[in-house]
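Geometric and topological summary
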Amino acid sequence: MVSESIQQDGSWRRLWGVSAYRLLIAAAIAVLVQLPFSKSILDIDAHNHPLIVLTLVAAGISLFYILFLLMRFPGQTRWHIWLQVLMDTVLVLLLLRYGGGINGPFSILPFLLLVSVASLLRGRGAFLFVWVLLLLLVLESLQGGMTSVHPLLGQLFIYILALVAVAVLADSLVRSLDRDHRLALQRDQELFNLNVLNREIVEHMDVGVLVLDKHNRVILSNPIARKLSGYRFWGNVPVALDLVQARLAAMLIKNHGNDTEVLVPLGPEDPALRDQTPSLMVRKITLPGSPYRLLLLRDASVLRAMEREAQLAALGRLAANIAHEIRNPLSVIRHAANLLDESMENASSRHLFEILERETVRINAIVESVLEMARPGPAHLEPIALSSWLPKLIVQLQADPQLADMHVLVQDIPMSLLIYADPAQLRQVVWNLLHNTAQYAVDEDGLVRVEISAERYGKEQIMLTLRDFGPGIRPEVMERIFEPFFTTNSRGTGLGLPVVRELIQMNNGQVLCENHPECGAIFKIFLPCWDPHEEAA
């Protein structure tokens, strides 16, 4: 459909062009014939009244055709083409007849007619018209028209050969122009499709892309680059890079001709604040032979987090392998210590075995935590009613001597709040969080207080909140609390909170930590909710 529309549009432009040339030629001939000295210019009889009338009629028909027919029937191009060819043929033959034939001043008109017909008809239709026109010209020349001047046969033969040659050349030229036009349209369509594809690729890339021209203006950008740059006034016109982000422009000037990746801080240039201020990893790519350049932008904090995650994953695998190798010898040591303790009668020596027992239990707990974090079991999800499940859980957990003195307040939770999680893994999460609170959240009165609440968060999640009333968490510690083996307690393992995060993620949730504006820390656990009506549906 598109190619047909383009082809019809091209035919329509040719119709307008041929009509305009016909009107110009007809008007020029009419003016020349009407001049008093037309006999000396055109070598015609000054009293040749039919020729004078014919030129005026030709000019009038040409003007009428442009002003009325093309305006009245703009869609029927094929009908217009044949109408033009027929009309031009009749006018040319009449002008030849009353203007002296091929010996007269209008002998050039058949050549122009052949060129216009080749442009309009194209192919076999044009050549068929050539032979019809030649036949009519021969008959007209042999009759002599009104001039009674018969051309020589040699002159007529050469004239016919010239007409055939012009027809062949005109057809060849028109075919070549058509082929070039089709190739140009095809190339334009390919370039358009390629540009659309490139824009889609750039729009969906996971890195920021800025395309710069030779004047350092941004002519193309994707959503990630627009977000990372911080510029808010994007439009459809090029914008100078120093307006988008002055530090990027300074980096471009400083690293002229260098395609390496550099770190560009967007905040205060203080090395101590590098992890707290936004910064970009920027790579400049110069395109050979092109005035355009690319800037690839990536969030440095995200890259650092990914690098840290990779390091922690490798460390976790290593720790799991080590823990697995330690567990068996540790069991042997503990069993041997128990046997020695039974055969030992010295009370002072028994104290040493108590220390050995306590530390082996501690090491075994660390090993179990590492293995649990590295290779946790699959989550068995089921609906849990927090309003009844949480209070029972707190009573069970406070049987632990370390949690017995903790003041835990469970806020009123609506009975309709049902989370979809593994009860055993969620129990481990709460136990780890309460043990962490018991170690680090002692308030000014020497008490450990915790408030637990739950509320719906959006349409598909429930937020479970645990708040303590301790001194809170320092900012430099807050960033690393979920890292394995990171702890500020000399006797801590640094595995409680990493296990919490791992278990929550296995239950399709997320855990966040922040300081309360008044005092203490808040752990927010987001878990999917369960709707019995949706389950039934």
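Definitions and cut-offs
- Residues numbered from 1 in each chain as written.
- Predicted model: local features only at pLDDT ≥ 70, side-chain atom pairs only at ≥ 80, totals over all residues.
- Heavy atoms only, no water.
- Helix = DSSP H or I, 4+ residues; strand = E, 2+ residues; numbered from the N terminus.
- Buried < 20%, exposed > 50% of the residue type's maximum accessible area, 1.4 Å probe, protein only.
- Contact = heavy atoms within 4.5 Å.
- Areas by Shrake-Rupley, 256 points an atom, 1.4 Å probe, with all protein chains shown as cover.
- Pairing = 2+ DSSP bridges.
- Axes fitted to C-alpha atoms, helices over the stretch in contact; angles between N-to-C directions.
- Core = buried A, V, L, I, M, F, W, Y, C linked by side-chain atoms within 4.5 Å.
- Salt bridge = Lys/Arg side-chain N within 4 Å of Asp/Glu carboxyl O.
- Phe/Tyr/Trp six-rings, centres within 6.5 Å; stacked < 30°, edge-to-face > 60°.
- Parallel < 35°, antiparallel > 145°, perpendicular 65-115°, else oblique.
- Left-handed = near helix turned anticlockwise from the far one by under 90°.
- Nonpolar A, V, L, I, M, F, W, Y, C, P; charged D, E, K, R; others polar.
- Patch = residues over 30% accessible without salt bridge, like charges linked within 9 Å, V, L, I, M, F, W, Y side chains within 5 Å.
- Arc of directions from axis to C-beta.

Glancing now at the overall build of the chain. Of the regular secondary structure elements, the chain holds 17 helices and 13 strands. Across the 537 residues of the chain, 37% fall into the buried class. Long-range pairs, those at least 24 residues apart, make up 63% of the contacts in the chain between residues at least 6 apart in sequence. Total accessible area on the chain stands at roughly 31,800 Å², and carbon and sulfur atoms take up 61% of it.

Next up on the list: the sheet that holds strand β11 (residues 461-468). Pairing is mixed across the open sheet formed by 5 strands, whose spatial order is β8-β10-β11-β13-β12. The open sheet terminates on both sides in strands that have one partner only, identified here as β8 (407-410) and β12 (510-515). Averaged over all neighbouring strand pairs, the angle between strand axes comes to 20°, with direction disregarded. Note that β12 and strand β13 (residues 521-528) share 6 bridges and pair antiparallel. Bridging across to β13, Leu512 finds its partner in Lys524. The strands touched by helix α14 (residues 423-440) are β10 (449-457), β11 and β13; relative to β13, the strand with the most contacts, the crossing angle is about 175°.

Looking now at the pairing of strand β6 (residues 293-299). The side chains of a regular strand alternate between both faces of the sheet. Where strand β1 (residues 208-212) lies against β6, 5 bridges are found, and the strand directions are antiparallel. Each bridged residue has a counterpart across the sheet, and for Gly208 the counterpart in β6 is Leu297. Relative to β6, strand β5 (residues 279-286) is paired through 7 bridges, and the arrangement is antiparallel. When the sheet's bridge partners are listed, Val282 is paired in β6 with Leu297.

Core analysis: the largest hydrophobic core is formed by 43 residues, its most contacted members being Leu386, Leu390, Ile419, Leu433, Leu434, Ile481 and Ile525. Per element, the largest residue contribution to this core is 6 residues, and it comes from helix α13 (residues 386-397). Every residue in contact with Leu434, bar those within four places of it in the chain, is listed here: Ile394, Leu397, Leu403, Met406, Val450 and Leu466.

Right, let's talk about the sheet that holds β5 for a bit. Here we have 6 strands laid out as an open sheet, ordered β3-β2-β1-β6-β5-β4, and antiparallel in their pairing. For this open sheet the edge positions go to β3 (239-240) and β4 (261-265), each flanked by a neighbour on one side alone. In this sheet, strand β2 (residues 217-221) lies alongside β1 in antiparallel orientation, the contact comprising 3 bridges. Pairing of Val211 across the sheet is with Leu220, part of β2. Across the sheet, helix α10 (residues 246-254) is in contact with β1, β4, β5 and β6; its angle to β4 comes to roughly 145°.

As a further point, take the environment of Glu354. Tracing the chain through its elements places Glu354 in helix α12 (residues 347-374). It is 9.3 Å that separates the C-alpha atoms of Glu354 and Ala337, two residues lying 17 residues apart in sequence.

Here we take up the pattern of salt bridges. Across all of its chains, the model carries 6 salt bridges by this definition. Between Asp213 and Arg217 there is a salt bridge, and its shortest N-O distance comes to 2.8 Å. For Arg217, a relative accessible area of 34% gives the class partly exposed. For the salt bridge of Glu514 with Lys524, the shortest nitrogen-to-oxygen distance reads 3.0 Å. Of this pair, Glu514 sits in strand β12 while Lys524 sits in strand β13, and the two are 10 residues apart along the sequence. Assessed through its relative accessible area of 37%, Glu514 is described here as partly exposed. Using a relative accessible area of 21% as the deciding quantity, one classes Lys524 as partly exposed.

All right, on to the packing of aromatic side chains then. This structure, assessed with the given rule, holds 3 aromatic pairs. Seen from their ring centres, Tyr231 and Phe233 are 5.8 Å apart, and the 75° between their planes marks the pair as edge-to-face. The exposure class of Phe233 is exposed, given its relative accessible area of 60%. Through a chain of ring-to-ring contacts, three or more aromatic side chains come together here, namely Tyr231, Phe233 and Trp234.

Look at α13 against α14: their axes get within 11 Å of each other, and the N-to-C directions meet at 55°. Regarding the angle of α13 to α14, the classification is oblique. With respect to the hand of their crossing, α13 and α14 are arranged in right-handed fashion. On α14, the residues that touch Trp389, Leu393, Ile394, Gln396 and Leu397 of α13 are Pro423, Leu426, Arg427, Val430, Trp431 and Leu434. Here the residues of the contact of α13 with α14 sort into 9 nonpolar, 1 polar and 1 charged.

This brings us to a nonpolar patch on the surface. The grouping of Leu191, Leu194, Leu197 and Ile201 at the surface amounts to a nonpolar patch, some 360 Å² of accessible area in total. Inspection of the secondary structure assignment puts Ile201 in helix α7 (residues 153-203).

So, on to α10. Turning to α10, its buried residues are Leu248, Ala249, Met251 and Leu252. Projected down its long axis, α10 shows its buried positions confined to an angular sector of 160°, all on one face. Exposed and oriented more than 90 degrees from the buried face of α10 are Ile253 and Lys254. Close packing links the buried residues of α10 with β1, α9 (241-244), β4, β5 and β6.

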